[in-house]
Each structure stands twice: as structure tokens, then as C-alpha cells.
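Residues per chain are reported as follows:
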Amino acid sequence: MLKAPAFAGAFILADMIELLHHSQGENSMSNKLKLGIPKGSLQESTFELFAKAGYKIKVSSRSYFPTINDDEIEVMLIRAQEMARYVESKVLDCGLTGTDWMVESGCKVETIKDLVYAKQGLRKVRWVLAAPKGSNIKSAKDLEGKRVATELVNTSKEYFKKKGVNATVEFSWGATEAKCPDLADAIIELTETGNSLRANNLEILDTVLESNTIFIANSDAIKDKWKKTKIDNLLLLLDGALKAQTMVGLKMNVLKENLDKVIKCLPALKNPTIAQLSDPAWVDVDTIIEEKTVRDIIPQLKSAGAQGIVEYPLNKVID
């Protein structure tokens, strides 16, 4: 049985502490939240989410220390696979990683909030068991005594243990889809859409683990009043930015005599804001609805008598 080696390019813990202290400088603020941002596939979508929340993060191609427009936050880029380890060891106060890598690491950290977004959309991802199409492998039980390649070694071993299957789980450095059938009989791989698996003539046999982005912190950061408040405020804005990505605003002018008909077109749980216009016969109606419903609702609003309908994007929606 092969043990997963340390990830390529990872810093050893002592070096990381030294780099963090160097990046802070001698005159750094006493109140500083050390935040880990996932480097790799989630990096750009995370930067975009933070930007919508009001935090502009910039990084050069070779730097592990991005800048952020908040002097009370220090950012470091860390692979999601390693994030829980560095949060647990208190090199970082908190960070974003996946449920999968927290489970895989076995580290003791606190999950503060689920933030459901991925590289290509606002959805969860899956680690799936997959094998070549047309092969004799149709389920986990068909892998008795056979080889399975994956990056998620510990979780995969536990999966086969629960299934009562004695399979050899081997660590994969990447390009896992290409290892069937010559280098492995099956794989356990992360997928968001399944397109890459299909392109490599693989079929999904089972879901091993469902995962999404999570915000984690260590016990010391949670106990620190200033850091806990800083984390809570950050998450309030990040959550608001996530919610805004599926919502839009609608504004329209409505004759008072048509107001009841217009309101009936809007979702039952959404109470619009109604404001009197300069013309006493007219009101302004403003509401927030799910973007996926707009194309159906706008024609209904028009038929009900709404005029000057404007759809506008949102940056944050705070409950």
C-alpha cells in the first residue's frame, strides 16, 4: 500500500513561519488576521468572490503573498490540500479549503461556514469512482485485489474498507484520468461536470465523497475576540456576495390601479419596496428575485401594466 507523499512545491512548516514573519515586517499591526487562500483551481473564483465582497486581492505570478485592500488581513496562497494542516498548526488563523481535503487531512480545525462555489459554478463537487467504459468493473466490489489511482488516498481507503473490498489505493500526482486501464484498473477523481471523465472514456460507478468550499479556523483564532469578529464580518460579506450571484434587482414604474396585478406576478415570499413618484398616480416598485426566474417574470410584469422595467446586477445580498 503506497502512502501519499508530501505535495510538490509545499513549504516546510518552519520556512512558512519565517516567510510569514518576514512579510509582516517589524511595524506590522498587532491585530492581524492571517488568512489562507487556496492556490490552484479555486484561486481565481475565490479572488472574484472576495472582490464582490469588497476585498481586492492582487498577486504576482511568482508570489505566495498577495496584497489585499485591508490592512488588518494578511493573505497567503496555500494549496487546498495543505490548508487544514497550516490552520491547525496556527501558522494561519483561518483559510478556505474543501470539505474533501479537511476530511483527508484528519486535522482538527473548526468549520466556520460552508461557501458553496467551485471553479466553474455555484455548486458542490464530487469525488467519484470511475472505470473504463465497457470494462468488467461495474462497482466497487469488482475492484477486489485491483489497483485504484487517486489523490484522495486516505478517504479512498476508508471507502473501500466500508465496502469490504481489498483494493490497492495508489497516490496519483495528477492526470489521473489517463491512468486507466494501463496504470490503474479504476480511479477516484474529483469532478464538477463529468466532462473530463467522459472525454477519457470513463464512466462513473459511485460517489465516494461530496465536497464544497468551506471556511475553517483554529481554536485560538475563534477564542480571540478581535479575530473572531473580523472573521464574522468577512464571512457576512462573502456570504452576501455568494447570494448575490444568483439574484438580480428589478425596478419598474406602475400605475396605482395596476399595482395589485403587478405584485401578484412577483414571487410570493418577496415583498417589494413601493415608493410614491412625483406623479401621484404612479409608484416605483423595487424588488430582488432569483435570476433564473427573470425571463419568465418580465413578460408577465409587462402584461400586468409595469413600465420602465430595469434589471440590474447585485454585488451583495445581506439577510
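To keep things clear, this report deals only with the structure shown in the data block. Remember, predicted model here, so these are calculated numbers, not experimental data.

### With respect to the overall build of the protein chain
Check the secondary structure of the protein chain and you find 10 helices and 16 strands. Sorting the 319 residues of the protein chain into buried and exposed places 45% on the buried side. In the protein chain, once contacts between residues fewer than 6 apart in sequence are set aside, the share between residues at least 24 apart is 71%. Surface summary for the protein chain: the accessible area is close to 16800 Å², and the carbon and sulfur share equals 49%.

### Let's talk about the packing of helix 2 (residues 43-53) against helix 8 (residues 225-244)
Contact pair helix 2 / helix 8: the axes reach a minimum separation of 8 Å and the direction vectors enclose 105°. Judged by the inter-axis angle, helix 2 sits roughly perpendicular to helix 8. Of the residues in helix 8, those in contact with Leu49, Phe50, Lys52 and Ala53 of helix 2 are Leu234, Leu237, Leu238, Ala241 and Leu242. Of the residues assigned to the contact of helix 2 with helix 8, the class counts are 8 nonpolar, no polar and 1 charged.

### Points about the packing of aromatic side chains
The full count for this structure, using the stated rule, is 4 aromatic pairs. Both rings, one in Phe171 and one in Trp173, keep their centres 5.1 Å apart while their planes meet at 85°; by these two values the pair is edge-to-face. Since its relative accessible area comes to 12%, Phe171 is described here as buried. Owing to a relative accessible area of 54%, Trp173 belongs among the exposed residues under this scheme.

### Some points on the environment of Asn136
When you line up the elements, Asn136 lands in the loop between strand 7 (125-132) and strand 8 (147-150). Of the residues examined, Asn136 reaches a relative accessible area of 72% and is grouped as exposed. Between the alpha carbons of Asn136 and Asp185 there is a distance of 10.0 Å; along the sequence they are 49 residues apart.

### Observations concerning the pattern of salt bridges
Pairing of side chains with opposite charge becomes possible as their charged atoms draw close. If you walk through the whole model with that rule in mind, you get 13 salt bridges. Residue Lys251 pairs with Asp286 through a salt bridge whose shortest N-O separation is 3.4 Å. Pair noted here: Lys251 is in strand 13 (residues 247-255) and Asp286 is in strand 15 (residues 282-290), with a separation of 35 residues, a long-range link. Note that Glu290 is salt-bridged to Lys292, the shortest N-O span being 3.6 Å. Given a relative accessible area of 36%, Glu290 falls into the partly exposed group. Through salt bridges with shared partners, one network takes in Asp70, Glu72 and Lys230.

### Quick word on helix 2
Buried residues of helix 2: Gln43, Ser45, Thr46, Phe47, Leu49, Phe50 and Ala53, and no others. In this structure, the buried side of helix 2 is in contact with strand 1 (33-39), strand 2 (57-58), strand 4 (73-79), strand 5 (94-98) and helix 8. Positive phi shows up at Gly54, right after helix 2, with a value of about 105°.

### With respect to the sheet that holds strand 6 (residues 110-115)
Strand order in this open sheet of 5 strands is 4-1-5-12-6, and the pairing throughout is mixed. Every other strand in the sheet has two partners, leaving strand 4 and strand 6 as the edge strands with one partner each. For this sheet the average axis-to-axis angle between neighbouring strands, irrespective of direction, equals 30°. By the bridge criterion, 5 bridges tie strand 5 to strand 12 (residues 213-217) in an arrangement that is antiparallel. Directly across from Leu96, in strand 12, lies its bridge partner Phe215. On the sheet, helix 2 packs against strand 1, strand 4 and strand 5 and is oriented at approximately 135° with respect to strand 1. Seen against the sheet, helix 8 touches strand 1, strand 4, strand 5, strand 6 and strand 12 and runs at an angle of roughly 20° to strand 6.

### Some details on the environment of Cys265
Topologically, Cys265 is positioned in helix 9 (residues 259-265). Residues Cys265 and Lys302, 37 residues apart in the sequence, show an inter-C-alpha distance of 9.9 Å. Not counting residues up to four positions away in its chain, the partners in contact with Cys265 are Ile297, Gln300, Leu301 and Ala304.

### A few points about the sheet that holds strand 10 (residues 186-191)
Taken in spatial order, the 5 strands line up as 9-8-10-7-11 in an open sheet, and their pairing is mixed. Both edges of this open sheet fall to strand 9 (168-171) and strand 11 (202-211), since each of them pairs with a single strand only. On average, each strand axis in the sheet is inclined to that of its neighbour by 25°, with strand direction left out of account. One ladder, built from 3 bridges, connects strand 8 with strand 10; its direction is parallel. By the bridge assignment for strand 10, Val148 is matched with Ala186.

The rules behind each value
- Residues numbered from 1 in each chain as written.
- Predicted model: local features only at pLDDT ≥ 70, side-chain atom pairs only at ≥ 80, totals over all residues.
- Heavy atoms only, no water.
- Helix = DSSP H or I, 4+ residues; strand = E, 2+ residues; numbered from the N terminus.
- Buried < 20%, exposed > 50% of the residue type's maximum accessible area, 1.4 Å probe, protein only.
- Contact = heavy atoms within 4.5 Å.
- Areas by Shrake-Rupley, 256 points an atom, 1.4 Å probe, with all protein chains shown as cover.
- Axes fitted to C-alpha atoms, helices over the stretch in contact; angles between N-to-C directions.
- Parallel < 35°, antiparallel > 145°, perpendicular 65-115°, else oblique.
- Nonpolar A, V, L, I, M, F, W, Y, C, P; charged D, E, K, R; others polar.
- Phe/Tyr/Trp six-rings, centres within 6.5 Å; stacked < 30°, edge-to-face > 60°.
- Salt bridge = Lys/Arg side-chain N within 4 Å of Asp/Glu carboxyl O.
- Pairing = 2+ DSSP bridges.

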